[in-house]
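Listed below, chain by chain, are the residues.
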Amino acid sequence: MSDLIQYFREKQMKQSSEQVMKGRCPYCSMQCSMELIEEHIIERKRFKVKPNKQDPTSEGRLCIKGLQAHQHAINTERVKYPLLKIDGEWVRISWELALEMIAEKFSSLQQEYGHHSIGVYGGGSLTNEEAYLLGKFARVGLQTKYIDYNGRFCMSAAASAANATFGIDRGMTNGLTEIQDAKCIILAGTNIAECQPTIMPYFRKAKKNGAFIIAIDPRETATTKMTDLHIKVKPGTDANLAMGLLKVLVDERYCDETFIAERTKNFDEVKQQISSISLTEIANHCGISKEEIMEAARQYGKAETGMIFTARGVEQHTNGYETVRHFLNIVLATGKIGRHACGYGAITGQGNGQGGREHGQKADQLPGYRSIENDEDRKYVASVWEVDEADLPRKGVSAYELIEKIDEEEVKALFLMGSNPVVSSPNAIFVEKALEKLNFLVVVDMFVSETARMADLILPTTSYLEDEGTMTNLEGRVVYRHAERKAPKEVKHDWEILCELAKVLGKEEKFNYQNVEEIFNELRKASKGGIADYYGITYERVKDGGVFWPCPKEGHPGTTRLFEKSFHTKDGLAEFNVNKKLKEKEKITEEFPLILTTGRLMEHYLTGVQTRRSQELFERSKQPYVEIHPETAKDYGIEDDMLVRIESKRGSVLVKSKFTDRIRRDTLFVPFHWGDFQCINRVTNPALDPVCRMPEFKVSYVNINPNQLIKAKIEADKQSVVI
Ligand SMILES: Nc1nc2c(c(=O)[nH]1)N[C@H]1C(S)=C(S)[C@@H](COP(=O)(O)OP(=O)(O)OC[C@H]3O[C@@H](n4cnc5c(=O)[nH]c(N)nc54)[C@H](O)[C@@H]3O)O[C@H]1N2
Ligand SMILES: Nc1nc2c(c(=O)[nH]1)N[C@H]1C(S)=C(S)[C@@H](COP(=O)(O)OP(=O)(O)OC[C@H]3O[C@@H](n4cnc5c(=O)[nH]c(N)nc54)[C@H](O)[C@@H]3O)O[C@H]1N2
Ligand code: SF4
Ligand SMILES: [Mo]
């Protein structure tokens, strides 16, 4: 018997193997690193995930999404070869044919309609190398001005506000470790507990050290639970709330006059402006009490150190830019920046949301945060790319406006890499209709997403386990992503796809790279002397814990804390924002009397293409719902856990109701991780911020109705009981 066991054990040993692979979570901006252990035991595969204890940002933590991330990468629904749609059916084709077909289509469209008839749409999941290359591919490979990316829906308000105030946009002005020493922390429209879960211990440490934490959010969330004061603001009114906070700080003399005099400008105008506003009016407008504003301002004002964080809750509005600038006014007025435990953080969203917005995917931008409209910047980048400056296109339009250009048939073909706009854009029904008008849609993805479904051609790309490169995390730290798992045979990296496509377009010599490090080295040069200067960052250095940009020279340690001595503006001074007239929101009406806001759940990531394909994450959260206050529900004849229709001027969705008294009575909340009839963006408002072109994801006026069929069924059931 024991011989038999021994025999089988030996056989098993022979047939089992273990591969340990270093990697980095593909989801949020924390970019937690890990080891994936893949065991093959006879015919079976088993995966284990271990956090990397040496990771200076995650400090060895992973959240549930990171722990399950590999499940999507190994999902059998991965696209494994190029797919061409013929008469509505997907047909497997060779790479050769796929690339030739794109070259042929793009070239003939450009010949007939000009360079700008092709659009390019990128994403914040791409590595720095790929984001950089996509920008170069649009400008040099296709010579089109029409490129933008999903970060427009994400970081644009905070980025434009930080650029205007500080002259630079790096999400966080300090390293995460300083949070523990901040004595007052304001979390404005950010749900870090669900969206960057591994960041939480930094805040818990602060709390333990006596910090007073304030949350501004219309809902109680896992994040607001940790706070000392939760201001349950009415969605869309944060700009006024921030002005109210500043008024109290000024009136009660919490301002740092020396800092204001030496390091800033425009304060007198701001001071004059707020002298005329009434705190009572602001409180009424925001649907909160005056006392809450006063308490928050006093706590922040009197604290020796303090930090303010904003995220999409205050940013995804038609006045997102102004709102963030008002929060920055508070930071400047109190001089709480540029020193230990004092600063600002726009909590970056996507894995490479930060790097993705620095190197040229944006309509108006060249690498290193250079401007495509600035002559010097154009000349410099043209010299690195060895092209004539005059051949570089000028600026294009923002992501949603690019869809409008498609609708107007000015853009005839789209090359989309790393986004799912049919689900993530506002006014999604319009977006779908616009994409239907395209002459040719190419989608590069791992899966047949809702947008890929509409494509003429899908090109399969590698996952985070297979695609090496650098990412820039929410701190501004450039980190290296190991990718040690072998990609499926016919699947290519995004950067390889771009290079091969450039080759068939006759631009081979401009896209001739053997590996990602070569692309990174070119990016370093292209960013040299720019705002986001990566020149001093090498592969050798990023492999060893990461480097904070700006890092202008090899041997430079990188810049962890910004603005210690001066700001990045021409004169070194930070600029207060004098309030422009705030853009009018859509009007509340009798037909659409409730405010809909949208956002995220812990278990899912963005449009859910990846997390809905991670079995364990999907099991935890299978469908969307609407959070509704029971009192509001009563007014609309809605019961708990019932299918309801939410409707706006633009469209409607069907979701389940979820009663909670943790939300304001005038507000509904729906997560946006689902597509088709559950896609809440069929309802949301595409109005854009005038400065940064951010859509109004966080305020749409809607009505809510019990689904008529379900209601009829319930009524029928009730009657049958009576009978
Ligand atoms: N689990 C998970 N994590 C993620 C993501 C994900 O999809 N899932 N996505 C990543 C990305 S790309 C991003 S951008 C970040 C987003 O991270 P967050 O911005 O933190 O996430 P949201 O849920 O969109 O919004 C945050 C909070 O804003 C509140 N809010 C809504 N309207 C308003 C308002 O008008 N004013 C105020 N003050 N608050 C409001 C919502 O109630 C919500 O709790 O998360 C990243 N991390
Ligand atoms: N209502 C509402 N809408 C929102 C928001 C909101 O709060 N409310 N938030 C907005 C925000 S902040 C964001 S960031 C956007 C994001 O929205 P999207 O840009 O649509 O983001 P994803 O769902 O990540 O879509 C990425 C697609 O690219 C694929 N992908 C992932 N990694 C890679 C890669 O490395 N290469 C390639 N080629 N493909 C890849 C995925 O499989 C997926 O199909 O949504 C926005 N939309
Ligand atoms: S989702 Fe964000 S917090 Fe969670 S493991 Fe991934 S990177 Fe870390
Ligand atoms: Mo985002």
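Think of each chain on its own: its residues are numbered from 1, step by step along the sequence as written. Written order decides the labels, with chains lettered from A and ligands numbered from 1. Since the coordinates come from a predicted model, pLDDT governs what is reported: local features require at least 70, and pairs of side-chain atoms require 80 or more to be given and counted, while whole-chain, interface and lining totals use all residues. Hydrogens are left out, water is left out, and the side-chain values use all remaining heavy atoms of the structure.

### Remarks on unusual backbone geometry
Okay, step 1: Cis rather than trans, the peptide bond between Trp549 and Pro550 has omega equal to -5°.
Okay, step 2: Under the scheme used here, helices are H or I runs from DSSP no shorter than 4 residues and strands are E runs no shorter than 2 residues, and both carry numbers assigned from the N terminus. Examined against the element boundaries, Pro550 turns out to sit in the loop between β21 (547-548) and β22 (574-575).
Okay, step 3: For Glu386, which is not a glycine, the phi torsion comes out positive at approximately 55°.
Okay, step 4: By secondary structure assignment, the location of Glu386 is in the loop between α17 (375-385) and α18 (399-407).
Okay, step 5: For Glu409, which is not a glycine, the phi torsion comes out positive at approximately 65°.
Okay, step 6: Its location among the elements puts Glu409 in the loop between α18 and β16 (413-417).

### Here's the deal with the site of ligand 2
Okay, step 1: It suffices for a single heavy atom of a residue to lie within 4 Å of a molecule or strand for the residue to be listed as near it. The local shell around ligand 2 holds 28 residues, among which Asn150, Ser419, Asp445, Asp494 and Thr607 are the closest.
Okay, step 2: Interatomic distance of 2.6 Å between a side-chain N/O atom of Asn150 and an oxygen atom of ligand 2.
Okay, step 3: Take Gln316: an N or O atom from its side chain is 3.1 Å from an oxygen atom of ligand 2.
Okay, step 4: Computed with the Shrake-Rupley method and a 1.4 Å probe, the accessible areas treat only the protein chains shown as cover for residues. Taken by itself ligand 2 offers 930 Å² of open surface, and the protein chains cover 98% of this.
Okay, step 5: The residue inventory of the shell around ligand 2, partitioned by class, reads 10 nonpolar, 14 polar and 4 charged.
Okay, step 6: What marks off one domain from the next here is an automatic or database domain assignment. The residue makeup of the shell around ligand 2 includes at least three contributed by each of domain 2 (83-154 + 352-548) and domain 4 (594-720). Pairs of N or O atoms are called polar contacts if they sit within 3.5 Å, as long as, within protein, a hydrogen donor faces a hydrogen acceptor (for residues adjacent in sequence, only side-chain-to-side-chain pairs). Amino acids are sorted into nonpolar (Ala, Val, Leu, Ile, Met, Phe, Trp, Tyr, Cys and Pro), charged (Asp, Glu, Lys and Arg) and polar (every other residue, Gly among them).

### Points about helix α8 (residues 200-208)
Okay, step 1: Under the scheme applied here, a residue whose accessible area is under 20% of the maximum for its type counts as buried, over 50% as exposed, and between as partly exposed, the area being computed with a 1.4 Å probe on protein chains only. Residues Met200, Pro201, Tyr202, Phe203 and Ala206 constitute the buried set of α8.
Okay, step 2: We call two residues contacting when some pair of their heavy atoms lies within 4.5 Å. Where α8 is buried, its residues touch β8 (184-188), α7 (192-195), β9 (212-216) and β12 (306-310).

### Notes on the sheet that holds strand β3 (residues 44-51)
Okay, step 1: Pairing is antiparallel across the open sheet formed by 3 strands, whose spatial order is β1-β2-β3. Since the sheet does not close on itself, it has two edges, and those belong to β1 (17-24) and β3, each with one partner. Taken over all neighbouring pairs, the strand axes of this sheet differ in orientation by 20° on average, direction set aside.
Okay, step 2: Strands were regarded as paired on the criterion that DSSP finds at least two bridges between them. Examined bridge by bridge, strand β2 (residues 33-41) and β3 share 8 bridges and lie antiparallel to one another. Orientation is described by lines fitted to C-alpha atoms, with helices fitted over the stretch in contact, and by angles between N-to-C directions that extend from 0 to 180 degrees.

### Quick notes on the domain arrangement of the protein chain
Okay, step 1: The domain architecture assigned to the protein chain consists of domain 1 (2-73), domain 2 (83-154 + 352-548), domain 3 (157-346) and domain 4 (594-720).
Okay, step 2: Facing the 8 residues of domain 1 at the interface are 12 residues of domain 4.
Okay, step 3: Note on definitions: buried area is the accessible-area loss of two parts on being combined, 1.4 Å probe, summed for both. In terms of surface lost to domain 4, no three residues of domain 1 exceed Tyr27, Ile64 and Lys65, which account for 54% of the buried area on that side.
Okay, step 4: Within this document, salt bridges are pairs made up of a side-chain nitrogen of Lys or Arg and a carboxyl oxygen of Asp or Glu, the two lying within 4 Å of each other. At the surface where domain 1 touches domain 4, the tally comes to 0 salt bridges.
Okay, step 5: At the junction of domain 1 with domain 4, the criterion picks out 8 residue pairs in polar contact (both at pLDDT 80 or more).
Okay, step 6: Of all elements in the fold, only α2 (64-68) and α3 (70-73) reach the threshold of two or more residues within the side of domain 1 that touches domain 4.
Okay, step 7: Broken down by element, the side of domain 1 that touches domain 4 gets its largest block of residues, 3 residues, from α2.

### Some thoughts on the layout of surface pockets
Okay, step 1: Here a cavity means grid points, on a 1 Å grid over the protein atoms only, where a 1.4 Å probe fits yet cannot get out; a pocket means an open set of points with protein on both sides within 12 Å along at least five of seven lines; lining residues are those with an atom within 4 Å of a point. Grid points are joined across faces, edges and corners, and a volume is the space filled by probe spheres set on the points. Looking at the largest pocket, its volume works out to about 830 Å³.
Okay, step 2: As for the largest pocket, its lining consists of 25 residues, and the residues nearest its centre are Asn163, Tyr369, Ser371, Asp377 and Ile531.
Okay, step 3: Elements that contribute at least two residues to the lining of the largest pocket include exactly α6 (156-166), β15 (370-371) and α17.
Okay, step 4: Counted by class, the lining of the largest pocket contains 7 nonpolar, 11 polar and 7 charged residues.
Okay, step 5: Shared between two domains, the lining of the largest pocket takes at least three residues from each, and those domains are domain 2 (83-154 + 352-548) and domain 3 (157-346).
Okay, step 6: When its volume is computed, the second largest pocket comes out at roughly 430 Å³.
Okay, step 7: Taken together, 25 residues form the lining of the second largest pocket, with Arg24, Ser33, Asn52, Gln54 and His482 sitting closest to its centre.

### Describing the pairing of strand β26 (residues 652-659)
Okay, step 1: Pairing between strand β24 (residues 625-628) and β26: 4 bridges, direction parallel. When the sheet's bridge partners are listed, Tyr625 is paired in β26 with Lys656.
Okay, step 2: By the bridge criterion, 5 bridges tie strand β25 (residues 643-647) to β26 in an arrangement that is antiparallel. Each bridged residue has a counterpart across the sheet, and for Glu647 the counterpart in β26 is Ser652.
Okay, step 3: Here β25 folds back onto β26 in antiparallel fashion, the turn holding 4 residues.

### Remarks on a nonpolar patch on the surface
Okay, step 1: The grouping of Leu4, Tyr7 and Phe8 at the surface amounts to a nonpolar patch, some 330 Å² of accessible area in total.
Okay, step 2: Mapped onto the secondary structure, Leu4 falls in helix α1 (residues 2-15). A patch consists of residues whose relative accessible area exceeds 30% and which take part in no salt bridge; residues with like charges are grouped when within 9 Å of each other, and nonpolar side chains (Val, Leu, Ile, Met, Phe, Trp, Tyr) when within 5 Å.

### Brief notes about the packing of aromatic side chains
Okay, step 1: Note on ring pairs: Phe, Tyr and Trp rings are taken, using the six-membered ring of Trp, and paired if centres are within 6.5 Å. Classes follow the plane angle, with under 30 degrees stacked, over 60 edge-to-face and the rest tilted. All chains considered together, the criterion is met by 18 aromatic pairs.
Okay, step 2: Every member of this aromatic cluster is reached through a ring pair, and the members are Phe166, Phe259, Tyr344, Phe563 and Phe567.
Okay, step 3: Only Lys NZ and Arg CZ are tested; either one counts as a charge over a ring when it is within 6 Å of the ring centre and within 35 degrees of the ring normal. Above the ring of Phe669, the side-chain terminus of Arg219 is found at 3.5 Å from the ring centroid.
Okay, step 4: For the cation-ring pair, Lys658 lies above Tyr625, with the distance from its terminal atom to the ring centre recorded as 4.2 Å.

### Topic: empty space enclosed by the protein
Okay, step 1: Scanning the model with the defined rule gives 4 cavities of 30 Å³ or more in all.
Okay, step 2: Taken as a whole, the second largest cavity encloses approximately 80 Å³ of empty space.
Okay, step 3: Looking at the second largest cavity, the residues that line it are Cys25, Cys28, Met30, Gln31, Cys32, Leu62, Cys63, Lys65, Gly66, Gln196, Pro197 and Thr198.
Okay, step 4: Considered class by class, the residues forming the lining of the second largest cavity number 7 nonpolar, 4 polar and 1 charged.
Okay, step 5: Both domains that furnish three or more residues to the lining of the second largest cavity are identified here as domain 1 (2-73) and domain 3 (157-346).

### Observations concerning the packing of helix α4 (residues 95-113) against helix α21 (residues 494-504)
Okay, step 1: Two elements in contact, α4 and α21, have axes whose closest approach is 9 Å; the angle formed by their N-to-C orientations is 60°. By the criterion of interaxial angle, the relationship of α4 to α21 is oblique. Crossing of α4 against α21: the hand is right-handed. Facing Trp95, Leu99, Ile102 and Ala103 of α4, the residues of α21 in contact are Ile497, Glu500, Leu501 and Val504.
Okay, step 2: The residue makeup of the contact of α4 with α21, split by class, is 7 nonpolar, no polar and 1 charged. We call two directions roughly parallel when the angle between them is under 35 degrees, roughly antiparallel when it is over 145, roughly perpendicular when it lies between 65 and 115, and oblique otherwise. Handedness of a crossing follows from how the near helix is turned relative to the far one, being left-handed for an anticlockwise turn of less than a right angle and right-handed for a clockwise one.

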